[in-house]
Amino acid sequence: MKKLTKLFALMAVLALLAAACGDDDNDTATDSESDSASASASAPAEDLAAAATDMADEDMAEDDMAEDDMADEDMAEDEPALPQRIVSLSPTATEMLFAIGAGDRVVGVDQFSNFPAETADVENTGLDGFTINVEAIAAIEPDMIFMQSNEAAEAFETLGITVIQNDAAATFEDVYAQIEQTGAATGNIAEAAELVLEMQTEIADLVEDAPDAAGATYFHELTSDLFSATSSTFIGQVYGLFGLENIADPADEAGFGFPQLSEEYILENDPTFIFLADTICCAQSAATVAERPGWDGLQAVQNDNVVELNDDIVSRWGPRVVEFIEVIAGALESAAVAS
């Protein structure tokens, strides 16, 4: 504004000089004096005109720069600040956060978040991810919380805390979408995209290199009281990558996805493979399965096709699903070699 005032003042002076040079009635000087005065007045007038033009150009340039700066500032204000204090109430979310490089900002994890090993160094561990204490978690002063669907989410949002709710994945697309969402929320977009591509590549290679499993059946044991998972679940889709047939599918009359099978049913269906996802929770193993009444006659037991899994890896749908798939591929390879 000051520069515009100066410009107007300069233009006013220029106008007065031009008027003075053109006023014949008030001219009392001699011809030579008049010529001299005219020459001396016209030169500064031309200089002033040029200066006025230059100043106008400078002002326009500075105005453009100021507008650009204001636009940049507005864009910066529109972009949300990246979270610096993250709490994860989901072990799967915890694994995703660390896998994409956001683990150094995690200040609290739930009681089941035990991977990677760095979770042991987190400020607040053992938070209850099911019966959520809003006040206790808010006292940690998080600016973002990852959790499965829970009514506590509304309470956190009322306190101004951003909440990301991710439920169990139903498909591989869900897994990749959650990883990418986690990357977008934390500012680790490139790292998340790289992780997804790496997982997709490794899974494709494992499936392509695995032996043909056509006609082979399996029983996936979730618990020692014989709960299983059907092909409609994410766990079932993992096995489906290899073309394995799930003996639990016909038994799921309610369509729940996790039916409880009877011993008689399992013995009657005599699966090619038995996969144990209860080695940690229930201390099950190939040896304990063989000791069950009548189970020693199953082909899976006789052919050493009882596969011990890590409960945590199988129950989570994060980056380590690749390890789950790798174990299945290895079991198929071992069976093929044995036959």
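Only a predicted model underlies this, so the values are computations on that prediction, with no experimental measurement involved.

Draft legend 1. Fine view of the sheet that holds strand S1 (residues 86-88). Taken together, five strands build an open sheet; the order of strands is S3-S2-S1-S4-S5 and the sheet is parallel. The open sheet is flanked by strand S3 (124-127) and strand S5 (162-165), the only strands paired with a single partner. Each neighbouring strand pair of the sheet contributes to a mean axis angle of 15°, computed without reference to strand direction. Relative to strand S4 (residues 144-147), S1 runs parallel, the two being bridged by three bridges. Opposite Val87, over in S4, you have Ile145 as the bridge partner. In this fold helix H3 (residues 91-99) packs onto S1, strand S2 (106-110) and S4, with an angle of close to 150° to the strand it touches most, S2.

Draft legend 2. The arrangement of H3 in detail. The element H3 is extensively covered by neighbouring structure, given that eight of its nine residues are classed as buried. Within the sequence span of H3, burial applies to Pro91, Thr92, Ala93, Thr94, Glu95, Met96, Leu97 and Phe98. Looking one or two residues beyond H3, the residue adopting positive phi is Gly101, at roughly 90°.

Draft legend 3. Looking closely at the nonpolar core. Among the nonpolar cores identified, the biggest contains 52 residues, and Ile179, Tyr239, Leu244, Phe273, Phe275, Phe324 and Ile328 are the most heavily contacted of them. In terms of residue count, the dominant contributor to this core is helix H13 (residues 321-338) (nine residues). With residues near it in sequence (within four places) discarded, Ile328 still touches Val238, Tyr239, Phe242, Leu244 and Phe275. Phe219, Leu226, Ile274 and Leu276 belong to the second largest nonpolar core, which has 15 residues in total.

Draft legend 4. Focus on the side chain of Asp110. Within the element layout of this structure, Asp110 appears in strand S2. Among the polar contacts listed, one links the side chain of Asp110 to the backbone nitrogen of Phe112, at a separation of 3.0 Å. Apart from residues lying up to four places away in sequence, Asp110 is in contact with Ser88, Leu89, Ser90, Pro91, Thr94, Gly126, Leu127 and Gly129.

About the thresholds
Residues numbered from 1 in each chain as written. Predicted model: local features only at pLDDT ≥ 70, side-chain atom pairs only at ≥ 80, totals over all residues. Heavy atoms only, no water. Pairing = 2+ DSSP bridges. Helix = DSSP H or I, 4+ residues; strand = E, 2+ residues; numbered from the N terminus. Axes fitted to C-alpha atoms, helices over the stretch in contact; angles between N-to-C directions. Contact = heavy atoms within 4.5 Å. Buried < 20%, exposed > 50% of the residue type's maximum accessible area, 1.4 Å probe, protein only. Core = buried A, V, L, I, M, F, W, Y, C linked by side-chain atoms within 4.5 Å. Polar contact = N/O pair within 3.5 Å; in protein donor to acceptor, adjacent residues only side chain to side chain.

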